[in-house]
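Residue-level structure breakdown
Now for the letters of each chain:
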Amino acid sequence: MGNDAHTPDAAASVDFEQVQSTGQFQELRKRHRSFVFPMAVAFLLWYFAYVLLADYAVGFMSTKVWGNINIGLILGLLQFVSTFAITGWYVHYSNKRLDPIASEIRHEIEGHEFDRNGNRVGGANK
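Residues numbered from 1 in each chain as written. Predicted model: local features only at pLDDT ≥ 70, side-chain atom pairs only at ≥ 80, totals over all residues. Heavy atoms only, no water.

1. Let's talk about the pattern of salt bridges
- What the rule picks out here adds up to two salt bridges.
- In this structure, Arg31 and Glu27 form a salt bridge, with 2.8 Å as the shortest nitrogen-oxygen distance. Of the two residues, Arg31 and Glu27 both sit in helix α2 (residues 23–56), four residues apart, roughly one turn of that helix.
- Residue Arg106 pairs with Glu110 through a salt bridge whose shortest N-O separation is 3.8 Å. In this pair, Arg106 and Glu110 are both assigned in helix α4 (residues 71–110), four residues apart and thus about one turn of the helix distant. (Salt bridge = Lys/Arg side-chain N within 4 Å of Asp/Glu carboxyl O. Helix = DSSP H or I, 4+ residues; strand = E, 2+ residues; numbered from the N terminus.)

Pasting the structure below:
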(Lines give C-alpha, C1' and ligand atoms only; values in the text may rest on other atoms or scores of the structure.)
Protein backbone atom coordinates (compact mmCIF):
# COMPACT_ATOMS: atom_id res chain seq x y z
CA MET A 1 0.00 0.00 0.00
CA GLY A 2 3.01 2.29 -0.27
CA ASN A 3 3.41 4.99 -2.81
CA ASP A 4 5.80 3.56 -5.39
CA ALA A 5 5.64 6.59 -7.66
CA HIS A 6 8.78 8.67 -7.35
CA THR A 7 8.30 12.40 -7.84
CA PRO A 8 11.45 14.43 -8.35
CA ASP A 9 12.23 16.65 -5.40
CA ALA A 10 13.45 20.07 -6.52
CA ALA A 11 15.06 20.73 -3.14
CA ALA A 12 17.08 17.50 -3.34
CA SER A 13 18.93 18.74 -6.42
CA VAL A 14 19.85 22.16 -5.03
CA ASP A 15 23.18 22.86 -3.38
CA PHE A 16 21.99 24.96 -0.48
CA GLU A 17 25.51 25.84 0.61
CA GLN A 18 26.05 27.36 -2.82
CA VAL A 19 22.79 29.32 -2.51
CA GLN A 20 23.81 30.55 0.95
CA SER A 21 27.09 31.87 -0.43
CA THR A 22 25.39 34.10 -3.02
CA GLY A 23 25.27 37.87 -2.60
CA GLN A 24 21.47 37.84 -2.58
CA PHE A 25 21.30 35.42 0.31
CA GLN A 26 23.97 37.32 2.25
CA GLU A 27 21.99 40.55 1.78
CA LEU A 28 18.79 38.81 2.92
CA ARG A 29 20.51 37.49 6.04
CA LYS A 30 22.06 40.93 6.76
CA ARG A 31 18.71 42.70 6.46
CA HIS A 32 16.95 40.10 8.61
CA ARG A 33 19.57 40.25 11.35
CA SER A 34 19.74 44.04 11.29
CA PHE A 35 16.08 44.12 12.30
CA VAL A 36 15.68 41.06 14.50
CA PHE A 37 18.69 41.30 16.79
CA PRO A 38 18.35 44.98 17.81
CA MET A 39 14.59 44.56 18.24
CA ALA A 40 15.05 41.43 20.36
CA VAL A 41 17.58 43.22 22.58
CA ALA A 42 15.31 46.26 22.96
CA PHE A 43 12.29 44.14 23.83
CA LEU A 44 14.21 42.00 26.32
CA LEU A 45 15.53 45.13 28.04
CA TRP A 46 11.98 46.49 28.23
CA TYR A 47 10.66 43.16 29.54
CA PHE A 48 13.37 42.76 32.20
CA ALA A 49 12.96 46.39 33.25
CA TYR A 50 9.29 45.65 33.90
CA VAL A 51 10.11 42.49 35.87
CA LEU A 52 12.77 44.27 37.93
CA LEU A 53 10.46 47.21 38.62
CA ALA A 54 7.71 44.82 39.70
CA ASP A 55 10.11 43.06 42.07
CA TYR A 56 12.18 45.94 43.47
CA ALA A 57 10.08 49.08 42.99
CA VAL A 58 6.78 47.96 44.45
CA GLY A 59 5.97 51.44 45.72
CA PHE A 60 6.43 52.96 42.28
CA MET A 61 4.53 50.20 40.49
CA SER A 62 1.61 50.43 42.92
CA THR A 63 1.21 54.18 42.42
CA LYS A 64 -2.44 54.78 41.58
CA VAL A 65 -3.09 56.59 38.32
CA TRP A 66 -6.86 56.43 38.13
CA GLY A 67 -9.16 54.43 40.43
CA ASN A 68 -7.71 50.94 40.83
CA ILE A 69 -5.42 51.36 37.81
CA ASN A 70 -1.77 51.67 38.83
CA ILE A 71 1.51 52.12 36.98
CA GLY A 72 2.28 48.39 37.19
CA LEU A 73 -0.95 47.50 35.41
CA ILE A 74 -0.35 50.11 32.72
CA LEU A 75 3.23 48.93 32.10
CA GLY A 76 2.04 45.31 32.05
CA LEU A 77 -0.55 46.09 29.40
CA LEU A 78 2.06 48.04 27.45
CA GLN A 79 4.05 44.79 27.29
CA PHE A 80 1.24 43.31 25.18
CA VAL A 81 0.90 46.47 23.10
CA SER A 82 4.62 46.54 22.37
CA THR A 83 4.57 42.86 21.37
CA PHE A 84 1.82 43.49 18.83
CA ALA A 85 3.53 46.67 17.62
CA ILE A 86 6.83 44.87 17.05
CA THR A 87 5.02 42.08 15.22
CA GLY A 88 3.27 44.56 12.95
CA TRP A 89 6.51 46.43 12.35
CA TYR A 90 8.31 43.19 11.46
CA VAL A 91 5.55 42.14 9.04
CA HIS A 92 5.77 45.53 7.31
CA TYR A 93 9.58 45.38 7.23
CA SER A 94 9.55 41.84 5.93
CA ASN A 95 7.05 42.61 3.18
CA LYS A 96 9.09 45.59 1.97
CA ARG A 97 12.72 44.55 2.53
CA LEU A 98 12.94 40.75 2.90
CA ASP A 99 10.22 39.12 0.82
CA PRO A 100 11.32 40.54 -2.56
CA ILE A 101 14.83 39.09 -2.13
CA ALA A 102 13.49 35.80 -0.76
CA SER A 103 11.14 35.51 -3.73
CA GLU A 104 14.02 36.05 -6.16
CA ILE A 105 16.08 33.39 -4.44
CA ARG A 106 13.15 30.97 -4.41
CA HIS A 107 12.49 31.64 -8.09
CA GLU A 108 16.13 30.92 -8.89
CA ILE A 109 15.93 27.63 -7.00
CA GLU A 110 12.45 26.47 -7.99
CA GLY A 111 12.16 28.16 -11.36
CA HIS A 112 14.91 26.09 -12.95
CA GLU A 113 15.95 22.51 -12.98
CA PHE A 114 19.27 21.66 -11.38
CA ASP A 115 21.54 18.66 -11.75
CA ARG A 116 22.96 16.81 -8.74
CA ASN A 117 25.88 19.25 -8.55
CA GLY A 118 23.57 22.26 -8.21
CA ASN A 119 24.22 23.51 -11.76
CA ARG A 120 21.28 24.77 -13.77
CA VAL A 121 20.19 22.43 -16.53
CA GLY A 122 19.91 24.20 -19.87
CA GLY A 123 21.46 27.47 -18.69
CA ALA A 124 24.64 29.06 -17.47
CA ASN A 125 25.43 29.41 -13.81
CA LYS A 126 25.41 32.83 -12.20
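That shown, we press on.
2. What to know about the nonpolar core
- Within the largest apolar cluster, 10 residues are counted, these being Val14, Val19, Leu28, Phe35, Met39, Tyr93, Leu98, Ile101, Ile105 and Ile109.
- Of all elements in the fold, only α2 and α4 reach the threshold of two or more residues within this core.
- Element by element, the count of residues in this core is highest for α4, at five residues. (Core = buried A, V, L, I, M, F, W, Y, C linked by side-chain atoms within 4.5 Å. Buried < 20%, exposed > 50% of the residue type's maximum accessible area, 1.4 Å probe, protein only.)

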